[in-house]
Amino acid sequence: IRPAIEYSSIIYDNCDINDCMKIEQLQRKAALICSGAHYRTENMLLVNFMRWDSLESRRKAAKLQLFYLMLRNLTPFYLSELIHLLPPGSHDTRLRKTSNFTVETKLHRSSLRSKSFIPSTSNTWNGLPESIKQLDSPSKFKAGVKIHLGFYQTNVLKNYYHFHKQGKLNRTLLQISLGLSPLR
């Protein structure tokens, strides 16, 4: 279900906290189904056990990847022209020298505008290490962002298939390891 959840996620990333929680609950339901865990299992325990990244961090990575493509003129011109780079060596608002890939950020009156794609991603982009900003291919940049954001390196869902394959005993062992089980 993740492709359905993440469709256009970079657009609706500025939604309010209640909507974000509803979307995260979909991933939780999927994790419960995939793992066979008890429905009262703590959310952080379940996500850590499944080694799934939060949808919020996945949206942040997707926004940075599109931003990278826009900066490198690998998107249509009408997208690439929305980003304005500061000249190298100039000073930004934090009084430090800018690099070749520092993006101009502006203050906005409304919080809704500051949470939209360009302003929010510009701030995140400027916070990235220079070594990641200067990577020369989109695939290297994607890998660098995932490491920087602390993504899980492997998806171990295939390792948990045997819990469903061998039946109720293994599901009970899984539930015990997560701290909840139907055993008295």
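As shown above, the structure is provided for reference.
The rules we used
- Within every chain, residues take consecutive numbers counted from 1 along the sequence as written.
- Restriction of local features to residues with pLDDT of at least 70 applies here, the model being predicted, together with a cutoff of 80 or more for giving and counting side-chain atom pairs; totals for whole chains, interfaces and linings are based on all residues.
- Derived side-chain values reflect all non-hydrogen atoms in the structure, with water molecules and hydrogen atoms excluded from consideration.
- Helix and strand definitions follow DSSP, with helices as H or I runs of at least four residues and strands as E runs of at least two, each counted in order from the N terminus.
- Only protein chains enter the accessibility calculation, which uses a 1.4 Å probe; a residue whose area is less than 20% of its type maximum is buried, one above 50% is exposed, and one in between is partly exposed.
- Here, two residues are considered to be in contact whenever any of their heavy atoms come within 4.5 Å of each other.
- Accessible areas in this description were obtained via Shrake-Rupley with a 1.4 Å probe; residue shielding takes into account the shown protein chains only.
- Residues enter a nonpolar core if they are buried and are Ala, Val, Leu, Ile, Met, Phe, Trp, Tyr or Cys, with the set joined through side-chain atoms within 4.5 Å.
- Salt bridge, as applied in this entry: a Lys or Arg side-chain nitrogen positioned within 4 Å of an Asp or Glu carboxyl oxygen.
- Aromatic pairs are defined between Phe, Tyr and Trp rings, using the six-membered ring for Trp, whenever the two ring centres lie within 6.5 Å; interplanar angles under 30 degrees are classed as stacked, those over 60 as edge-to-face, and all others as tilted.
- Pairs of N or O atoms are called polar contacts if they sit within 3.5 Å, as long as, within protein, a hydrogen donor faces a hydrogen acceptor (for residues adjacent in sequence, only side-chain-to-side-chain pairs).

Undergrad: Summarise the overall build of the chain; cite the residues concerned and give the values.
TA: Each helix and strand counted, the chain has 11 helices and zero strands in total. Ordered by position in the sequence, the α and β elements of the chain form the string α-α-α-α-α-α-α-α-α-α-α. By the burial criterion, 36% of the 184 residues in the chain qualify as buried. Across the chain, every contact between residues at least 6 apart in sequence was considered, and the portion connecting residues at least 24 apart equals 57%. On the chain, roughly 11,800 Å² of surface is accessible, and the fraction owed to carbon and sulfur atoms is 58%.

Undergrad: Hey, could you go over the nonpolar core for me, with residue numbers and the actual values?
TA: Ranked by internal contacts, the top residues of the largest apolar core, which has 16 residues, are Phe-67, Trp-125 and Phe-141. Elements supplying a minimum of two residues to this core: α4 (55–71), α7 (117–126) and α9 (138–148). Considering every element that reaches this core, the biggest residue donor is α4, with six residues. Leave out the neighbours within four places in its chain, and Trp-125 touches Leu-64, Phe-67, Tyr-68, Leu-71, Phe-101, Val-103, Lys-133 and Phe-141. One finds Ala-31, Ala-37, Leu-46 and Trp-52 within the second-largest nonpolar core, a separate group that totals 10 residues.

Undergrad: How would you sum up the pattern of salt bridges? Please name residues and give values.
TA: Throughout the structure, instances matching the rule amount to five salt bridges. A salt bridge links Lys-133 to Glu-130, with the nearest nitrogen and oxygen atoms 3.2 Å apart. Of the two residues, Lys-133 and Glu-130 are both situated in helix α8 (residues 130–133); the distance of three residues between them amounts to about one turn of the helix. Ionic pairing is found between Asp-136 and Lys-140, a salt bridge with its closest N-O pair at 3.4 Å. Look at Asp-136 and you get exposed, because its relative accessible area is 59%. A relative accessible area of 45% means that Lys-140 is categorised as partly exposed. Linked by salt bridges that have partners in common, Asp-13, Arg-59 and Lys-63 make up one network.

Undergrad: Pulling in residues and values, what's your account of the environment of Ala-62?
TA: For Ala-62, the position within the fold is in helix α4. Accessibility expressed as a relative area gives 26% for Ala-62, which makes it partly exposed. C-alpha of Ala-62 to C-alpha of Glu-6: the two residues are 56 residues apart in sequence and 9.4 Å apart in space.

Undergrad: How would you summarise the environment of Arg-2 if you had to cite specific residues and measurements?
TA: Positionally, Arg-2 belongs in helix α1 (residues 2–6). The class of Arg-2 is partly exposed, set by a relative accessible area of 21%. A C-alpha to C-alpha distance of 9.0 Å links Arg-2 and Leu-55, two positions 53 residues apart in sequence. With residues up to four places along the chain from it excluded, the contact list for Arg-2 reads Gln-27, Trp-52, Asp-53, Leu-55 and Arg-58.

Undergrad: Would you mind going over the packing of aromatic side chains in detail, with residue names and values included?
TA: Inspection of every chain in the model, using the stated rule, returns four aromatic pairs. Note on Phe-67 and Trp-125: the rings are 5.7 Å apart at their centroids and 50° apart in plane angle, and the pair reads as tilted. Residue Phe-67 is located in helix α4, and its partner Trp-125 is located in helix α7; the two are separated by 58 residues in the primary sequence. The pair Phe-67 / Trp-125 is uniform in exposure class, with both members buried. One aromatic cluster in this structure is built from Phe-67, Tyr-68, Phe-117, Trp-125 and Phe-141.

Undergrad: Before we move on, can you summarise unusual backbone geometry with the specific residues and values?
TA: Here the phi dihedral of Arg-51 falls at roughly 60°; this positive angle occurs in a residue that is not glycine. Given the relative accessible area of 34%, Arg-51 is considered partly exposed.

Undergrad: So what's going on with the side chain of Asn-126? Residues and values would help.
TA: Assignment of secondary structure puts Asn-126 in helix α7. A distance of 2.9 Å separates a polar side-chain atom of Asn-126 from the backbone oxygen of Val-103.

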